[in-house]
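Descriptive analysis of the structure
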Amino acid sequence: MWEFDQEVANRFQNEAEHHIPDYHRVIDMCLDIAKQKGFSNEINVVDIGSAAGYTVDKFIKAGYQYTYGVETSQSMIDKSLHKDKIIL
C-alpha cells in the first residue's frame, strides 16, 4: 500500500512546486480572496490536506493567526513548518 511516508514527505514541497500546475498562484489567490472579502485576521482558516504546511505558513505570515491544517500522514506533520497547528 502506498502512503505519504517520510521519503515522500522529504520531497513533497519540491514535487508540489514543480509538478502541480499553478501551485503558488492558487494559494496566493486564496489569500487575495480572503483580503478582498475583508475577512478579519481573526477568522478560522482550515487547510484540508495540509501536507508539509506551506499554505498554513502563508496564511500565518499574512496575519491569519487562527490558521490550522488537517493532515492524515504523521510523516507530513513531522515535516510541517507549524506542527502545533496541524491536526492528525
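What this report covers is the structure whose coordinates are included nearby. (Residues numbered from 1 in each chain as written. Predicted model: local features only at pLDDT ≥ 70, side-chain atom pairs only at ≥ 80, totals over all residues. Heavy atoms only, no water.)

On inspection of all chains with the given rule, the structure shows five salt bridges. R11 is the salt-bridge partner of E7, the closest N and O atoms lying 3.5 Å from each other. With E7 and R11 both in helix 1 (residues 6–19) and four residues apart, the pair spans about one turn of that helix. Among the ionic pairs, E15 bridges to R11, the shortest N-O distance being 4.0 Å. One end of the pair, E15, and the other, R11, are both in helix 1, four residues apart, so they sit about a helical turn from each other. Sharing partners across several salt bridges, the network here consists of E7, R11 and E15. (Salt bridge = Lys/Arg side-chain N within 4 Å of Asp/Glu carboxyl O. Helix = DSSP H or I, 4+ residues; strand = E, 2+ residues; numbered from the N terminus.)

So, on to the packing of helix 2 (residues 23–36) against helix 3 (residues 54–61). Packing of helix 2 against helix 3 leaves a shortest axis separation of 11 Å and a crossing angle of 35 degrees. Of the two elements, helix 2 crosses helix 3, and the hand of that crossing is right-handed. Residues Y23, H24, I27, D28, C30, L31 and A34 of helix 2 form the contact with helix 3, whose own contacting residues are Y54, T55, K58 and F59. The residue inventory of the contact of helix 2 with helix 3, partitioned by class, reads seven nonpolar, two polar and two charged. (Axes fitted to C-alpha atoms, helices over the stretch in contact; angles between N-to-C directions. Left-handed = near helix turned anticlockwise from the far one by under 90°. Contact = heavy atoms within 4.5 Å. Nonpolar A, V, L, I, M, F, W, Y, C, P; charged D, E, K, R; others polar.)

In this model, the largest pocket occupies a volume close to 280 Å³. As for the largest pocket, its lining consists of 18 residues, and the residues nearest its centre are I27, D47, G49, S50 and T55. Within the residue set of the lining of the largest pocket, elements represented by two or more residues are helix 1, helix 2, strand 1 (44–48) and helix 3. For the lining of the largest pocket, the class distribution of residues is twelve nonpolar, five polar and one charged. (1 Å grid on protein atoms, 1.4 Å probe; cavity = no way out; pocket = protein on both sides within 12 Å on 5 of 7 lines; lining within 4 Å. Points joined across faces, edges and corners; volume = space filled by probe spheres on them.)

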